[in-house]
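Here is what each chain is made of, one letter per residue.
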Amino acid sequence: MALWGQGDARWIVEEREDAKNVNNWHWSEVDASSSSKKFFKDKFLALSATGTEGSVRISEMTTCTGEASVNNRKGKVIYFFEWNIVLKWAGKTEMSNDNITGKIEIDNISEENTADEVDITTKQTKSGGEHNKLHQMVKSQLIPRCKEVIEEYLKFLQVNHGKQVILPTSKAEGGINSQPTAKPKTTVNTIKKKMDEAVISAKPENVDFKRTDITLTDTFKCCLDDLFQCFVNPDKMRAYFNGAAEVDPRESGKFSLLGGAISGSFLEIQPSKSIQLHWRFQDWPADMHSSVTLTFKDTGTSTELSLNQVGVPQYSVEQIKSGWYKYYFNAIKMTFGYGSSTL
């Protein structure tokens, strides 16, 4: 036990008149979905370009689906977001007074991807000389501007929502309210780099924290619905985890498995189709999460499970692969007989 006035300052309880989240130690979360949609609409609808061939602009944000949240855990701010957006573009040329139109589809804007890694496709409503000319303007001038908006989005979350999850402290050390220290300028300014800085708290020496993806496939001798329940039904999960499973199977619900060795939350549950998770392993750096997508397919005689895990630190790839088979796939087969029984 430390003597009075000594010890790690993080364990000294700060006096707060409001008694809220002392030292910013507890998990807190702010929903940033509504403000994000307004940000995208305002920014994208302001985009236009003019050239010798004519002029084009973003005339409408047709769809904007997804969600965003800003979280605090132990004084660290973590950003989770995923968006799919469809924009309508319109323009005119000197040779045509017709309103030439098309659309821009932007898929998978997320904390896992840089602006250059986001999938952006463009289409024109009709083919022809004047339509083709404006379509090329969209590709060469509007698409780079769209990428700039995506780059700007993380800064928007930091400025508008970061302070909502980090309460000011007496010293404000290391929090979002503290005065930033001078840092060397860098030419790298991407979403992924910024997210990595936000979610990786410490890097042990001689350990490579580069991230990679994992893809696994396995087959189970059971109907699709039975296998799907093995990943969302708390009783079934406790059965093959030997009781070591705390599960809240709903979107944004948390889970903790094997005494906290595995933890995370449910992002999306599409019954009998797919499950998306924020998933982490205990020995990863504090607040580092991966994204897991489980996809279920009925083959007629069995059920095929495909797993895609994005953002796994390279040093733990083999450990994580082995764990999926040992604690999930093989455990399910042994517990419920899905490795040998017939439908």
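Residues numbered from 1 in each chain as written. Predicted model: local features only at pLDDT ≥ 70, side-chain atom pairs only at ≥ 80, totals over all residues. Heavy atoms only, no water.

A.B. asks: Quick question: what am I supposed to make of the side chain of Thr93 here?
C.D. replies: Examined against the element boundaries, Thr93 turns out to sit in strand β4 (residues 76-93). Apart from residues no more than four positions distant in its own chain, Thr93 is found in contact with Glu53, Gly54, Ile100, Glu130 and Leu134. (Helix = DSSP H or I, 4+ residues; strand = E, 2+ residues; numbered from the N terminus. Contact = heavy atoms within 4.5 Å.)

A.B. asks: Which parts of the structure should I look at to understand helix α1 (residues 33-45)?
C.D. replies: One full turn of an α-helix is made of 3.6 residues, so residues set three or four places apart face in the same direction. Its 13 residues place the ends of α1 18 Å apart at the C-alpha level, agreeing with the 18 Å of an ideal helix rising 1.5 Å per residue. Buried within α1 are the following residues: Ser33, Ser36, Phe39, Phe40 and Phe44. Viewed end-on, α1 has its buried residues packed into an arc of 115°, placing them on one side of the element. Turned more than 90 degrees off the buried face of α1, the exposed positions are Ser34 and Lys38. (Expected span 1.5 Å × (residues − 1). Buried < 20%, exposed > 50% of the residue type's maximum accessible area, 1.4 Å probe, protein only. Arc of directions from axis to C-beta.)

A.B. asks: Which parts of the structure should I look at to understand the sheet that holds strand β8 (residues 245-247)?
C.D. replies: Paired through backbone hydrogen bonds, the strands of a sheet run either parallel or antiparallel to each other. On the basis of which strands lie adjacent, the open sheet formed by seven strands has the order β7-β13-β12-β11-β10-β9-β8 and antiparallel pairing. This sheet does not close on itself; its edge strands, each paired only once, are β7 (211-220) and β8. Going from strand to strand, the sheet's axes swing by 20° on average, the running direction of each strand aside. In the packing of helix α6 (residues 317-336) onto the sheet, the strands contacted are β7, β9 (254-257), β10 (262-270), β11 (274-281), β12 (290-298) and β13 (303-313), and the crossing angle to β7 comes to about 20°. (Pairing = 2+ DSSP bridges. Axes fitted to C-alpha atoms, helices over the stretch in contact; angles between N-to-C directions.)

A.B. asks: Looking at this structure, how should I read the nonpolar core?
C.D. replies: The tendency in soluble globular proteins is for nonpolar side chains to be buried side by side. Within the largest apolar cluster, 40 residues are counted, with the highest numbers of intra-cluster contacts made by Phe231, Trp279 and Tyr328. Here Tyr328 is in contact with Phe231, Tyr240, Phe241, Leu257, Ile262, Trp279 and Gly323, once residues within four sequence places are set aside. Phe40, Phe44, Leu87 and Tyr153 belong to the second-largest nonpolar core, a separate cluster that totals 38 residues. (Core = buried A, V, L, I, M, F, W, Y, C linked by side-chain atoms within 4.5 Å.)

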